[in-house]
Amino acid sequence: MTDDMNKHGAEANADEAAAAYAEAADEQVDTAVSEPDPLELAKAEAADMRDRYLRLAAEMDNLRRRTARDVKDAKSYSVAGFARDMLAVSDNLRRALDAIPAEAREAGDVGFNALIEGVEMTERAMLSALERHGVQKLEPVGQKFDPNFHQAMFEVPNPEVPNNTVVQVVQAGYTIGERVLRPAMVGVAKGGPKVVAAEENPEA
């Protein structure tokens, strides 16, 4: 009886030990499955950091370009308002010179001619100073009318030149950099041959 009990007790202990071992093995497997691989974690973190770095680098590059463009525009167009005001002064100088009759110029004394020459020099100096700051005068006569640079004031019947060709300038126009500071007020031809027709038939 005692031997049977010992035998059954030993078997029970062996079964318990086997069950405990199996349970421990299952726990280790579950732990291995539940815990991610450190190498994979490191790879994912590295990929995330690389993506953030590329995004930040792109943003910094865009910021650098915008800043460079803003600085360039500030240098080019900061004097636009002042230049526009100075053009009004230049216009008045030109009007004063144009108002002098040719007879008065020829019959004028030395002092009067010196005054005229001084006004002309002032006008040239002002336009030269504006040109050094990027202000350029438009020369539209003979060019096709462009509403981006010209303002049509009237039409001139002239069949000898292509239609919509600038034939007269009432007020000079100016640009600063790539922008229009003031459009040229012009008269355009009406009734001449179309430019497109002339281009399609170059032999004619």
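Scroll up for the structure.
Source: prediction; values computed, not measured. (Residues numbered from 1 in each chain as written. Predicted model: local features only at pLDDT ≥ 70, side-chain atom pairs only at ≥ 80, totals over all residues. Heavy atoms only, no water.)

A. Main features of the overall build of the chain. For the chain, the helix and strand inventory stands at six helices and six strands. Per-residue burial over the chain gives 16% buried out of 204 residues. Summarising the internal contacts of the chain: among those between residues at least 6 apart in sequence, 66% fall at separations of at least 24. Summed over its atoms, the accessible surface of the chain is roughly 15300 Å², and 56% of this surface lies on carbon and sulfur atoms. (Helix = DSSP H or I, 4+ residues; strand = E, 2+ residues; numbered from the N terminus. Buried < 20%, exposed > 50% of the residue type's maximum accessible area, 1.4 Å probe, protein only. Contact = heavy atoms within 4.5 Å. Areas by Shrake-Rupley, 256 points an atom, 1.4 Å probe, with all protein chains shown as cover.)

B. Here's a closer look at a nonpolar patch on the surface. Taken together, the side chains of L56, M60 and L63 define a hydrophobic patch exposed on the protein surface, amounting to about 280 Å² of accessible area. On the secondary structure map, M60 appears in helix α2 (residues 38–77). (Patch = residues over 30% accessible without salt bridge, like charges linked within 9 Å, V, L, I, M, F, W, Y side chains within 5 Å. Salt bridge = Lys/Arg side-chain N within 4 Å of Asp/Glu carboxyl O.)

C. Representation of the packing of helix α3 (residues 80–98) against helix α5 (residues 110–132). Two elements in contact, α3 and α5, have axes whose closest approach is 10 Å; the angle formed by their N-to-C orientations is 155°. What the angle tells us is that α3 and α5 run roughly antiparallel. Crossing of α3 over α5 shows left-handed handedness. Taken together, the residues of α5 that come into contact with α3 (itself represented by A83, M86, L87, V89, S90, L93, R94 and L97) are I116, V119, E120, T122, E123, M126, L127 and L130. Across the contact of α3 with α5, the residue classes tally to eleven nonpolar, two polar and three charged. (Axes fitted to C-alpha atoms, helices over the stretch in contact; angles between N-to-C directions. Parallel < 35°, antiparallel > 145°, perpendicular 65-115°, else oblique. Left-handed = near helix turned anticlockwise from the far one by under 90°. Nonpolar A, V, L, I, M, F, W, Y, C, P; charged D, E, K, R; others polar.)

D. Highlighting the sheet that holds strand β5 (residues 179–182). Spatial strand order, β1-β4-β5: three strands in an open sheet with antiparallel pairing. Strands with a single pairing partner mark the edges of an open sheet, and in this sheet they are β1 (135–137) and β5. Taken pair by pair, the neighbouring strands of this sheet meet at an average axis angle of 35°, ignoring direction. (Pairing = 2+ DSSP bridges.)

E. Expanded view of the sheet that holds strand β6 (residues 184–190). One open sheet holds the three strands; their spatial order is β2-β6-β3, and the pairing between them is mixed. Here the strands that pair on one side only, and so sit at the sheet edges, are β2 (150–157) and β3 (166–171). Strand after strand, the sheet turns through a mean of 30° between neighbouring axes, direction not considered. With seven bridges connecting them, β2 and β6 associate as parallel partners. When the bridges of β6 are listed, P157 appears paired with K190.

These values are about where atoms sit, not about what they do.
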